[in-house]
Amino acid sequence: MLPSVMGEFGRVLAPGGMALVSFQAHLAPGQDAEAFDHTVAPAHRYAPDHGAELLAQAEMDEVARLIIAAGEDPRRGFPQAHLLARRR
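(A) View of the overall build of the protein. Scanning the protein from N- to C-terminus turns up two helices and five strands. In the protein, the order of α-helices and β-strands from amino to carboxyl end is α-β-β-β-α-β-β. Against the compact-globule benchmark of 12 Å for 88 residues, the protein has a radius of gyration of 13 Å, which places it among compact chains. C-alpha atoms of the protein, sized along the principal axes, occupy 40 × 25 × 25 Å. Burial statistics for the protein: of 88 residues in total, 35% are counted as buried. Of the side-chain charges in the protein, 8 are positive and 11 negative, and the distance between the mean point of each set is 6 Å.

What follows is the structure, encoded as structure tokens:
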């Protein structure tokens, strides 16, 4: 599902267009996604590098990355990733 979402960003943006993609992250090496318990729907945390790879496959180049530490969100306790990308 995530590859199709990232691919859609690349499809609809004009060349030079920007997208800011934000998601719950995990920082464990060697794992692209990690499921976590959510009361409403199935949920996953993604490796920031995996998100950047999917954006690259969608003809988008990473411009900036912000990782917010898990301790900054006491309610969830997960790191957050924010990737800014530009359409080639």
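Next, the rest of the story.
(B) Local environment of the packing of helix H1 (residues 2-12) against helix H2 (residues 48-57). The interhelical angle for the contact between H1 and H2, taken along N-to-C directions, is 50°, at an axis separation of 8 Å. Here H2 runs oblique to H1, going by the angle between their axes. Considering the relative orientation of H1 and H2, their crossing is right-handed. On H2, the residues that touch Leu2, Pro3 and Met6 of H1 are His50, Gly51, Leu54 and Leu55. Split into classes, the residues belonging to the contact of H1 with H2 amount to five nonpolar, two polar and no charged.

(C) Structural context of unusual backbone geometry. Within the chain, Glu59 stands out as a residue other than glycine whose phi angle is a positive 65°. In this fold, Glu59 is placed in the loop between H2 and strand E4 (60-68). For Glu59, a relative accessible area of 38% translates into the label partly exposed.

Conventions and cut-offs
- Residues numbered from 1 in each chain as written.
- Predicted model: local features only at pLDDT ≥ 70, side-chain atom pairs only at ≥ 80, totals over all residues.
- Heavy atoms only, no water.
- Helix = DSSP H or I, 4+ residues; strand = E, 2+ residues; numbered from the N terminus.
- Rg over C-alpha atoms; globule rule 2.2 N^0.38 Å.
- Buried < 20%, exposed > 50% of the residue type's maximum accessible area, 1.4 Å probe, protein only.
- Lys, Arg positive; Asp, Glu negative; His and termini not counted.
- Charge placed at Lys NZ, Arg CZ, Asp CG, Glu CD.
- Axes fitted to C-alpha atoms, helices over the stretch in contact; angles between N-to-C directions.
- Parallel < 35°, antiparallel > 145°, perpendicular 65-115°, else oblique.
- Left-handed = near helix turned anticlockwise from the far one by under 90°.
- Contact = heavy atoms within 4.5 Å.
- Nonpolar A, V, L, I, M, F, W, Y, C, P; charged D, E, K, R; others polar.

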